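Examining the three-dimensional arrangement
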Amino acid sequence: MASRSCANFLDLASGSLLDIPHTPRPLPRVMTVPGIISDLDGYGSNDGDSDVCHERKIIVANMLPLHAQRDKVTAKWCFSLDEDALLLHLKDGFSPETEVIYVGSLKVEIDASEQEEVAQKLLEDFNCVPTFLPHDLHKKFYHGFCKQQLWPLFHYMLPMCPDHGDRFDRVLWQAYVSANKIFADKVREVINPDDDYVWVQDYHLMVLPTFLRKRFHRVKLGFFLHSPFPSSEIYRTLPVRDEILRGLLNCDLIGFQTFDYARHFLSCCSRMLGLDYESKRGHIGLDYSGRTVYIKILPVGVHMGRLESVLNLHSTSAKIKEIQKQFEGKKLILGVDDMDIFKGISLKFLAVEQLLQQHPELQGKLVLVQIVNPARSTGKDVQEAKRETYLTAERINETYGSPNYEPVILIDRPVARYEKSAYYAVAECCIVNAVRDGMNLVPYKYIVCRQGTPHMDKETGMNLVSPPTSMLVVSEFIGCSPSLSGAIRVNPWDTDAVAEALNLAITMPNSEKQLRHEKHYRYVSSHDVAYWARSFMHDLDRACKDHYSKRCWGIGLGLGFRVVSLSPSFRKLSIDHIVSTYKRTTRRAIFLDYDGTVVPQSSIIKSPSPEVISVLSTLCSDPKNTVFIVSGRGRSSLSEWLAPCERLGIAAEHGYFMRWNESTKWESCNLAADLDWKKVVEPVMRLYTETTDGSNIEIKESALVWHHQDADPDFGSCQAKELMDHLENVLANEPAVVKRGQHIVEVKPQGVSKGLVAEKVLSTMVNDGKPPDFVMCIGDDRSDEDMFEGIFRTISSPSLSMSPEIFACTVGQKPSKAKYYLDDTTDVVRLLQGLATASNPKPRKTFGSLILTSGSLLRI
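All values derive from a computational prediction rather than experimental measurement.

Each helix and strand counted, the protein has 27 helices and 34 strands in total. Judged by the C-alpha coordinates and their principal axes, the protein covers about 105 × 70 × 50 Å. The buried share of the protein, reckoned over its 860 residues, is 55%. Put simply, 71% of the contacts in the protein that link residues at least 6 apart link residues at least 24 apart. In the protein, which carries 99 positive and 108 negative side-chain charges, the distance between the mean positions of the two groups comes to 3 Å.

Let us now look at the packing of aromatic side chains. Under the definition given, this model contains 27 aromatic pairs. Judged by centre distance (5.8 Å) and plane angle (40°), the ring pair of W151 and Y203 falls under tilted. Here the residue W151 occupies a position in helix α4 (residues 135-154), and Y203 occupies one in the loop between β6 (197-201) and α6 (208-215), the gap between them amounting to 52 residues. Across the pair, Y203 and W151 agree in class, each one buried. Site record: aromatic cluster; members linked through ring pairs are F141, F145, F168, W173, Y176 and F183. R436 extends its terminal NZ or CZ atom over the ring of Y156, reaching a point 3.8 Å from the ring centre.

Before going further, it helps to examine the packing of helix α11 (residues 314-326) against helix α14 (residues 417-426). Where α11 meets α14, the closest approach of the two axes is 8 Å, and the angle between their N-to-C directions is 50°. Classified by the interaxial angle, the pair formed by α11 and α14 is oblique. In this structure, α11 crosses over α14, and the sense of that crossing is right-handed. Together, S315, T316, K319, I320, I323 and Q324 of α11 and Y418, E419, S421, A422, Y423, A425 and V426 of α14 make up the contact between the two elements. Partitioned by chemical class, the residues of the contact of α11 with α14 number 7 nonpolar, 4 polar and 2 charged.

Take the sheet that holds strand β28 (residues 736-741) next. In any sheet, the strands associate via hydrogen bonds between backbone groups, in a parallel or an antiparallel arrangement. On the basis of which strands lie adjacent, the open sheet formed by 4 strands has the order β26-β27-β29-β28 and antiparallel pairing. Two strands bound the open sheet, and with one partner strand each, they are β26 (696-699) and β28. Between one strand and the next, the sheet's axes are offset by a mean angle of 15°, whatever the strand orientation. As paired strands, strand β27 (residues 704-707) and strand β29 (residues 744-749) are joined by 4 bridges and run antiparallel to one another. Bridging from a neighbouring strand, H707 pairs with I744 of β29. The strands touched by helix α23 (residues 678-691) are β26, β27 and β29; relative to β27, the strand with the most contacts, the crossing angle is about 10°.

The backbone of N127 sits at a positive phi, close to 55°, despite the residue not being glycine. Although it is not a glycine, E653 sits at a positive phi angle of roughly 50°. You can see E653 is positioned in the loop between β23 (649-652) and β24 (657-659).

Structurally, T581 is set in helix α20 (residues 575-584). What T581 contacts, discounting residues up to four positions off in sequence, is F774, E805 and F807.

Another point: the environment of D136. Secondary-structure assignment places D136 in helix α4. The partly exposed category is assigned to D136, whose relative accessible area is 42%. Separated by 202 residues in the primary sequence, D136 and D338 have C-alpha atoms spaced 26 Å apart.

With 12 residues, helix α21 (residues 610-621) should cover 16 Å at 1.5 Å per step; its first-to-last C-alpha distance of 16 Å lies within 8% of that length. Turning to α21, its buried residues number three or more, namely E611, V612, I613, V615, L616, T618, L619 and C620.

Taken as a whole, this structure holds 0 disulfides when the rule is applied. We note that C777 lacks a disulfide partner, and the nearest cysteine sulfur, in C809, lies 9.0 Å from it.

Bringing the nonpolar core into the picture now. Counting residues in each nonpolar core, the largest one holds 74 residues, and the members touching the most others are V60, V198, F229 and F265. With 11 residues, helix α5 (residues 170-190) is the single largest residue contributor to this core. Apart from residues lying up to four places away in sequence, F229 is in contact with F154, Y156, Y235, L245, F256, Y261, H264, F265 and C268.

Our focus in this paragraph is the sheet that holds strand β32 (residues 820-822). Across the sheet, 9 strands lie side by side as β20-β32-β31-β30-β21-β22-β23-β24-β25; this open sheet has mixed pairing. The sheet is open, and its two edges are formed by β20 (571-572) and β25 (667-668), each paired on a single side. Pairing of strand β30 (residues 774-779) with strand β31 (residues 805-811), which is carried by 6 bridges, proceeds in the parallel orientation. Across the sheet, the residue bridging to F774 is E805, located in β31. Against the sheet, α20 contacts β21 (588-592), β22 (625-630), β30, β31 and β32, and its axis sits at roughly 145° relative to β31. Across the face of the sheet, helix α25 (residues 754-767) comes into contact with β21, β22, β23, β24, β25 and β30 while running at roughly 165° to β21.

Those residues of α20 that sit buried are I578, V579, T581 and Y582. Down the axis of α20, the buried side of the element spans an arc of 165°, and every buried residue falls inside it. Exposed and oriented more than 90 degrees from the buried face of α20 are D576, K583 and R584. Of the surrounding secondary structure, the elements contacted by the buried residues of α20 are β21, α21, β22, β30, β31 and α27 (825-839).

This part is about the environment of N373. Tracing the sequence through the fold places N373 in strand β13 (residues 366-373). When the C-alpha atoms of N373 and V415 are compared, they prove to be 7.8 Å apart, with 42 residues separating the residues in sequence. Leave out the neighbours within four places in its chain, and N373 touches V336, D337, D338, M339 and K420.

Two side chains with opposite charge may pair up if their charged atoms get near one another. Across all of its chains, the model carries 44 salt bridges by this definition. K76 is the partner of E117 in a salt bridge, and the nearest nitrogen-oxygen pair spans 3.4 Å. Here E117, found in helix α3 (residues 115-126), pairs with K76, found in the loop between β2 (66-70) and β3 (77-81); they are 41 residues apart in sequence, far enough to count as distant. The shortest N-O distance in the salt bridge between D260 and R263 comes to 2.9 Å. Note that D260 and R263 are positioned in helix α9 (residues 259-273) at a spacing of 3 residues, about one turn of the helix. A network of salt bridges, in which partner residues are shared, links K319, E322, R413 and E419.

The pairing of β26 with β27 spans 4 bridges and is classified as antiparallel. Note on β27: the bridge partner recorded for N696 is H707. From the end of β26 to the start of β27, which pair antiparallel, there are 4 residues.

Reading the values: rules and limits
- Residues numbered from 1 in each chain as written.
- Predicted model: local features only at pLDDT ≥ 70, side-chain atom pairs only at ≥ 80, totals over all residues.
- Heavy atoms only, no water.
- Helix = DSSP H or I, 4+ residues; strand = E, 2+ residues; numbered from the N terminus.
- Buried < 20%, exposed > 50% of the residue type's maximum accessible area, 1.4 Å probe, protein only.
- Contact = heavy atoms within 4.5 Å.
- Lys, Arg positive; Asp, Glu negative; His and termini not counted.
- Charge placed at Lys NZ, Arg CZ, Asp CG, Glu CD.
- Phe/Tyr/Trp six-rings, centres within 6.5 Å; stacked < 30°, edge-to-face > 60°.
- Lys NZ or Arg CZ within 6 Å of the ring centre and 35° of its normal.
- Axes fitted to C-alpha atoms, helices over the stretch in contact; angles between N-to-C directions.
- Parallel < 35°, antiparallel > 145°, perpendicular 65-115°, else oblique.
- Left-handed = near helix turned anticlockwise from the far one by under 90°.
- Nonpolar A, V, L, I, M, F, W, Y, C, P; charged D, E, K, R; others polar.
- Pairing = 2+ DSSP bridges.
- Expected span 1.5 Å × (residues − 1).
- Disulfide = S-S within 2.5 Å.
- Core = buried A, V, L, I, M, F, W, Y, C linked by side-chain atoms within 4.5 Å.
- Arc of directions from axis to C-beta.
- Salt bridge = Lys/Arg side-chain N within 4 Å of Asp/Glu carboxyl O.

Honestly, it's all geometry; don't read function into it.
In structure tokens:
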């Protein structure tokens, strides 16, 4: 059943729930073929006939990199590029021939009567496509869901009570989805889906990928999250957690600032969606319905040229001289932060207070200059943070200050870039004490400004006598911390440790400061914003290289939509097609897995239904058929459950035990007579069972299986890997193999597999002078892939004069060696019923319709 957030999805997506007005008319599409402009209302053809002259990148973000103001004389809107915008800087990572189109909102509200003219102007002059969100929608989308719900949650703040954050509001969620839909519509107006790359930025647009993927199955789509991604324990509290995860998984590449954030995302996918990931040649990939969604870990950098150009300004040099004179003889520590509850400004002040208290000799000599950027959101939490900041600063200045000395200087006003750069250049130490932050580029900017430029050094006299130095004290909870190995990392909540770190920073010998600075500058200068953008796009191109080598189709409703991407030869098995072939053939071999194939994997009752027994009996009674159930289960349970099917062949424990029908004896595999290794394996498995809550051991005659399906997903997976390594070491010289399956670790005799069963049955048929002309094999898990492989290997042998018709079929739409698939056990039983009817066309009792409900096969 769909969640409430997916209900009435078409109404929600179209905006009718919020009565969202449409843009007066769609924007003209960008010309992709000289002289030809695509149909205005078609949102682009997907016929692949267009001929693009150069590469295009579409950057989608909440805000366009533009400044806007009205001309006082003409009253017309005037626009200019925001030279400090990250979106503008990332163009440096692309080739000069690349055309970049920006899609996003403006920082001002444009009247509906002016929107068409403004849209045309922005597209022509700046390659920008504005979204024009209605005022009420923008308020609910940005200030509501983004800033009051996602932003606190992603920074580990839960709304435990009404005074501590806003509770989840479905109206705000609907606004978020509607806004994302409008952004997606604007992308559709300008995209050439066969050639363009789309790069979506940050948490404001996390369901936009679903809308784009639904319209263009093969769109080249990347996403980068600039904020933290919380641990699964925090994220799972979000009522629309699955919809957002699936939105991100509709991308080809998802980027994070740090491994911690990526690890949290992967853990959420594992715990909430049951998806596993693996490292493929250094790249982390998630298999999502046949598509590989890649994960990239790369922190954003700064724009070196922009910073250095500001340092070369005369105004910067003049400000540097002014600051040097103002703080002559004092040690200057700098903090630059937004005013919000996560930046830890008051904690920083408490650390300075502690430092002055513990080291009286620093009183009168130590100054913390705190530049406060304007708050990005409003609310009582911001006002409370501001109030606490001012009160703490006043208390410190009253206690340790004097008429000519203030230990804490609070600059709470708009500060020009040249002035900030001057403070960066002069400060002996920079402290970033945030309790949680996505990246925070302040330390990078500080390092570049401390390095200076030849022009600045000449103008100010800095770095002429001795090489540049810098010292950083950074919180371990910010994204840039892992990349700054020379910084002093601190826990911002531990004011004693922060105070001691500040003291260490200002008293450290210059030689060591110089070495730390050089190390940081090498990293920052080589990992700038251009490197970040270039690296992301390179990986996005690699992630999309197989788009046109596979067949794609969409499944799922609403925000649960996803694209299944599989081999072109992989298709659903048609009952009519296989029945037609079945009727024409006379020597048939049929192999069926048990769990997940004829009995639902999720069913509590593991014995087969009466319908399954009846179908199998009918197929077995046909003298033209050789039918086998091939399972990993033990022979006792299989022989008991399938006793009514007297002529049914059974291969138990992956083929270690095998019998041709009920009247024949069980045969055991000759490859593995020695099972003494079980005495070694069982104690090891028991050790891991005792230490892993929710795990258990299944003891078979020929194998031992450790199950961890009911254990904690992360811990169970970790323990399974450790157990596998442990067992491989102790069994190095034993005739046994260790296999990892879905939520299991199995140890079984060497050489035993379902593939050998298929090979033995088919070879026996050939040796008896009855080579098969029809082979059908259906299974759902990894062990069944061995069976598919064994069939193909046997059929290709020279002993067969004529190749039979082969129907290798997996259950579920997923990558497989099989060429066919069926959706579930219901489809499997329906197919078997079709074959049974063809075997016994005489009138007989029908089986009725079969449906799969709550994991059981029920008869209507």
